[in-house]
Amino acid sequence: MTVGKDVSALFPDVVNCMQTDNLELKKLVYLYLMNYAKSQPDMAIMAVNTFVKDCEDPNPLIRALAVRTMGCIRVDKITEYLCEPLRKCLKDEDPYVRKTAAVCVAKLHDINAQLVEDQGFLDTLKDLISDSNPMVVANAVAALSEIAESHPSSNLLDLNPQSINKLLTALNECTEWGQIFILDCLANYTPKDDREAQSICERVTPRLSHANSAVVLSAVKVLMKFMEMLSKDLDYYGTLLKKLAPPLVTLLSAEPELQYVALRNINLIVQKRPEILKHEMKVFFVKYNDPIYVKLEKLDIMIRLASQANIAQVLAELKEYATEVDVDFVRKAVRAIGRCAIKVEQSAERCVSTLLDLIQTKVNYVVQEAIVVIKDIFRKYPNKYESVIATLCENLDSLDEPEARAAMIWIVGEYAERIDNADELLESFLEGFHDESTQVQLQLLTGIVKLFLKKPTETQELVQQVLSLATQDSDNPDLRDRGYIYWRLLSTDPVAAKEVVLAEKPLISEETDLIEPTLLDELICYIGTLASVYHKPPSAFVEGGRGVVHKSLPPRTASSESAESPETAPAGAPPGEQPDVIPAQGDLLGDLLNLDLGPPVSGPPLTTSSVQMGAVDLLGGGLDSLIGGTNFVAPPTAAVPASLGAPISSGLSDLFDLTSGVGTLSGSYVAPKAVWLPAMKAKGLEISGTFTRQVGSISMDLQLTNKALQVMTDFAIQFNRNSFGLAPAAPLQVHAPLSPNQTVEISLPLSTVGSVMKMEPLNNLQVAVKNNIDVFYFSTLYPLHILFVEDGKMDRQMFLATWKDIPNENEAQFQIRDCPLNAEAASSKLQSSNIFTVAKRNVEGQDMLYQSLKLTNGIWVLAELRIQPGNPSCTLSLKCRAPEVSQHVYQAYETILKN
C-alpha cells in the first residue's frame with residue numbers, strides 16, 4: 001500500500017485483523033482503513049463495532065488511536081455511528097484521549113457540520129477550554145479556531161477575561177504548537193481596557209525567549225496588537241519596546257529561509273513601530289554569504305531605520321555594497337543611497353558625494369542607477385546640488401537603459417539654462433528618436449519644449465523637429481497627444497505654455513513605498529502567517545471565501561486616545577506618525593481598499609474647454625511674439641480633431657445660460673464651501689465642501705481638486721460611525737480621471753441609517769477618502785440644521801404638554817447678538833430650514849415665537865425666541881430630552897438668522 005500498489009481487494013481480511021491485541025498490528029490495520037475507507041464505504045461500516053469496542057479499551061493509547069482514526073475516515077455513512085464513542089472520549093479520564101478527541105471534533109465538523117452542532121460537541125469543546133491539562137486546552141482552542149475560520153459569523157470562541165486567564169495559565173505548560181494555537185487565539189481577543197491589555201502582555205512576554213521561531217512571531221503578533229491599547233506615557237510601554245527587540249534580532253541568526261520570513265515580518269513591524277529596532281541597525285548589515293533574497297530584504301529595512309544618528313554607518317555600508325559583484329544587489333544599494341539622501345536631509349551632501357565617487361568608477365550599471373537617484377535628489381532639494389550636472393553630462397554616452405536615459409534628459413531639460421550645450425546634448429538623443437522606449441520619447445519631448453521656452457531663439461528648429469516626430473511620425477497615442485498639447489500651447493499662448501511647462505514642481509515625499517496604513521494594520525494582525533510574507537491580505541491570495549476574515553488592530557482606549565482631530569495635531573508630533581483619526585474609534589472603517597468600486601463610469605467628455613478654444617487661431621503664428629518674428633510652421637490641420645476647429649455657435653451660449661437660472665431649490669441655509677482636506681496633507685488632493693438639505697434629502701457637496709502631478713482615479717468614500725448615523729447613500733462617482741490642476745464638483749447623497757456612536761463634539765464627522773494614490777483621513781463639523789426634518793411642526797396642545805413634561809434642568813438659554821430681524825422675517829427664515837413656529841404672541845412689547853423642530857433620529861427640540869423690536873439681540877430658550885444637542889441647535893439658529 002505504501003509503495004503505491006492497490007491492495008483494496010484485501011479489505012474484508014484486513015478488517016478481521018482489527019480484533020488483535022497487538023498494538024503495532026492494530027496501528028497498521030487502522031492505517032489501511034484510513035487509506036481505503038473512502039473507496040470501500042460499504043465495507044468500512046464493518047469496522048464500526050471495533051471502533052466502539054476500542055474506544056472502551058483499558059489502554060488509553062488504543063482509545064486515542066481509535067478516536068483519531070475515526071476522525072480520519074471521511075465517509076458520511078459511518079459518521080453518525082461514531083458520535084457515541086466520540087462523546088465518551090471527550091469526557092475520558094485520560095488527557096491524551098481527550099486532546100485527541102478535541103481534534104476529532106474539528107475533523108468531524110468538516111465532514112458534517114450539522115451533525116456536530118446537533119450532537120452538542122461544540123459545547124463540550126468549549127468546556128474543554130477549562131480543562132486541567134494544558135495540552136487538552138491547546139487542542140480545544142485549535143479545534144474551535146479551525147471551526148470558527150470556516151464559519152466566521154458564528155461566535156464560537158466567545159472569549160472573556162475568565163477564559164483568557166485559563167488560556168494564559170495553560171500557555172506555560174503546552175508544547176510549542178499548543179502555544180502557537182493559544183497565542184493566535186489571544187490575538188483575536190480585544191481587551192476591555194488598557195489594564196487588561198497590559199496584564200495579558202506581561203504574561204505573554206516570556207514566550208519571546210522560546211526556541212521555536214513560530215512561537216516568537218505569534219507572541220510578537222499579540223504584543224503588537226495589544227500595544228495599540230497602551231498609552232505611550234506608561235513606563236511599561238517603553239519596557240515592552242525594549243523587550244521586543246532581542247527576540248527579533250535572534251531570529252536573524254537562523255537559516256536563510258527562516259531569516260527571510262523574519263525579515264518580511266520585521267519590515268512590517270518597523271513600518272508600524274520603528275522605535276523597536278532603531279538601535280539595532282548593525283544586525284541588518286549584509287553578510288557576504290547571505291542569499292540575494294535576504295540581502296535585498298535587509299537593505300530595505302536598513303533604509304527604513306536610517307536616521308540622523310546612524311546615517312554615517314549606513315552610508316559606509318551602502319558604499320561598500322555598491323562595489324559587490326551581484327548586479328541586482330548593487331543597483332538596490334545605489335538606490336538606497338539616494339533614498340537615504342531624501343529621507344535624512346542632513347546626510348544629503350554626503351550621499352551626493354558618495355554617488356559622485358561611484359560615478360567615477362565608470363561601472364556602467366552603477367553610473368546609470370546613480371543618475372536615476374540624483375534626479376530624485378534634485379527634485380527633493382532644488383537649487384542645491386546642481387554643481388554636479390557637469391559630471392553627469394560626461395557620462396551621457398554610456399547610458400543605455402531607458403530609466404537612466406529619461407532621468408538624464410529630465411536633468412538637461414530642467415537645468416537647460418545652466419548647461420551651455422544643452423541643445424547639442426538633447427539633439428544627440430533625438431537622432432534615434434523612434435528607437436527609444438516610450439518613457440524616453442516622452443521625456444525628450446518635454447525636455448526639448450522646456451529648453452525652447454528657456455532659449456527660444458537658439459532652439460526653434462529643434463522643437464519643430466521633435467513636435468513633428470511626436471505628432472506625425474509616431475503611432476503612440478500618449479506621445480502624439482502630448483505633442484499636440486505642447487504644439488497648441490506654444491502656438492496660442494506662449495506665456496501660458498511657460499506657466500504650465502516650467503511650473504514649480506512639488507517636492508517628492510520621503511517614503512514612497514510604505515504600505516497604506518489600513519492595510520498595514522491588517523497585516524500586523526497576520527504576523528507569522530503567509531500574509532506577512534507576501535505583504536498582502538489573505539483575501540488577495542486565498543481562493544474562495546472560506547477562512548478569510550478581515551482583522552484590524554483594537555481601538556485605543558480612552559486613557560491613551562488623543563482627542564485632537566488631525567487638523568489640530570500637536571506641532572511637535574514626529575512626522576512619521578499618521579494622525580490616527582478613524583481607526584482610533586474601533587473597527588469602523590472596514591477596509592477602504594476592498595470597497596467594490598467597479599470600473600469607473602465613463603461619462604460624455606466635457607466639451608466646454610474645446611468650445612472655448614475654437615475661437616482662437618490654434619495654428620496661427622502665436623509663437624512669433626516669443627521668438628521675435630521668425631516663421632513657425634503650424635501642425636498639419638488634418639491631425640487636429642474637428643471639435644477644436646469648430647466655431648462657437650450662439651445657441652451654445654444660450655444653453656450654458658440655462659444653468660444660471662436653475663440655481664438651488666429654495667431650502668435650508670447652505671454654508672459656503674470650506675477646505676476640509678488641504679493638498680499638503682493628501683499628496684496633492686484638495687477637498688472642499690459643504691452640506692445641504694433640499695426637499696428632505698441631505699447631500700455633501702464636494703469639490704475635488706488635483707494639485708499633484710499625476711492623474712487621480714478610483715475614488716471611494718467612507719464615514720466613521722457618528723452621532724446621527726450619517727453615511728453615504730451612494731458611491732462617490734467621479735466619472736472621469738481627475739487630471740492635474742483639474743477640479744470636479746460632486747454632490748454625494750447622504751442617509752441617516754448608518755452606524756451610530758456618540759462623537760465629541762456631537763456634530764463631528766470623520767471621513768476616509770481613497771483614490772489610486774492612498775487613503776486620506778479628515779474630520780469636519782456638519783451644521784445640525786441639515787438634520788431638521790420637514791415634519792417637525794408640533795401641534796399647539798402637544799407643544800404645551802411637552803414643554804411642561806420636559807424637566808426644567810433640561811432648559812438652556814442663549815443670547816443671539818447682532819440680529820436686527822423682526823419676528824416675521826425671523827420666523828420665515830427659520831421655517832425655510834425646518835424650524836416651525838407653533839404660536840406667536842406679544843408680551844410687554846416683546847415678540848415671543850414658540851417653535852418646534854425634529855431631528856432625523858426622532859429627537860424633538862422646543863424653542864422660545866424672544867425678539868425686542870429695535871434691539872439687535874434676541875434671547876433663545878431651548879428645551880429637549882437630550883440636552884447635549886441644545887448647544888448645536890443654538891449654533892444652527894445663529895447661523896440661519898445671521899446669513
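This structure is a prediction, so every number in the text was calculated from the model and none was measured. (Residues numbered from 1 in each chain as written. Predicted model: local features only at pLDDT ≥ 70, side-chain atom pairs only at ≥ 80, totals over all residues. Heavy atoms only, no water.)

Some remarks on the sheet that holds strand E1 (residues 674-677)
For step 1, the next point in the chain: An order of E1-E2-E3-E6-E5 is seen for the five strands of this open sheet, with the pairing classed as antiparallel. Of all the strands in the sheet, just E1 and strand E5 (727-728) have a single pairing partner and so form its edges.
For step 2, the next point in the chain: Summarising the sheet, E5 and strand E6 (residues 743-751) pair through two bridges and their orientation is antiparallel. Looking across to E6, one finds that Ala-727 is bridged to Ser-751. (Pairing = 2+ DSSP bridges. Helix = DSSP H or I, 4+ residues; strand = E, 2+ residues; numbered from the N terminus.)

Looking at the sheet that holds strand E8 (residues 775-781)
For step 1, the next point in the chain: Strand order in this open sheet of three strands is E4-E7-E8, and the pairing throughout is antiparallel. Sheet topology places strand E4 (716-719) and E8 at the edges, where each strand pairs with a single neighbour. Geometrically, the sheet is characterised by an average inter-axis angle of 25° between neighbouring strands, direction not taken into account. (Axes fitted to C-alpha atoms, helices over the stretch in contact; angles between N-to-C directions.)

A short note on the confidence of the model for the protein
For step 1, the next point in the chain: Put simply, the protein has an average pLDDT of 80, and 85% of its residues get 70 or more.
For step 2, the next point in the chain: When mean pLDDT is compared element by element in the protein, E5 scores highest at 93, while helix H35 (residues 650-662) scores lowest at 33.
For step 3, the next point in the chain: Overall, residues 558-634 carries pLDDT values under 50, and its contacts beyond four positions in sequence, including any with other chains, amount to 134 contacts.
For step 4, the next point in the chain: Here residues 636-666 is a poorly scored stretch, pLDDT under 50, and it has 23 contacts once near neighbours within four places are set aside; other chains count. (pLDDT = per-residue confidence, 0-100. Contact = heavy atoms within 4.5 Å.)

Considerations on the packing of helix H7 (residues 83-90) against helix H8 (residues 95-111)
For step 1, the next point in the chain: In the contact formed by H7 and H8, the axes pass within 8 Å of each other and the chain directions differ by 140°. Viewed along their axes, H7 and H8 adopt a mutual orientation that is oblique. When the axes of H7 and H8 are compared, the crossing they make is left-handed. Here H7 contributes Leu-86, Cys-89 and Leu-90 to the contact with H8, which in turn contributes Val-97, Arg-98, Ala-101, Ala-102, Cys-104, Val-105 and Leu-108. (Parallel < 35°, antiparallel > 145°, perpendicular 65-115°, else oblique. Left-handed = near helix turned anticlockwise from the far one by under 90°.)

Some remarks on the environment of Val-372
For step 1, the next point in the chain: Relative to the helices and strands, Val-372 resides in helix H22 (residues 364-380).
For step 2, the next point in the chain: Through-space distance from the C-alpha of Val-372 to that of Ala-406 is 8.4 Å; in sequence the pair is 34 residues apart.
For step 3, the next point in the chain: With residues up to four places along the chain from it excluded, the contact list for Val-372 reads Arg-335, Glu-403, Ala-404 and Ala-407.

Quick word on the nonpolar core
For step 1, the next point in the chain: Counting 201 residues, the largest nonpolar core has Phe-51, Leu-86, Val-204 and Phe-378 as its most contacted members.
For step 2, the next point in the chain: For Leu-86, the residues in contact, after removing those within four places along its chain, are Val-67, Met-70, Ala-101, Cys-104, Val-105, Leu-108 and Phe-121.
For step 3, the next point in the chain: If you look at the next biggest cluster of nonpolar residues, it comprises 62 residues, including Leu-685, Ala-823, Leu-855 and Leu-878. (Core = buried A, V, L, I, M, F, W, Y, C linked by side-chain atoms within 4.5 Å. Buried < 20%, exposed > 50% of the residue type's maximum accessible area, 1.4 Å probe, protein only.)

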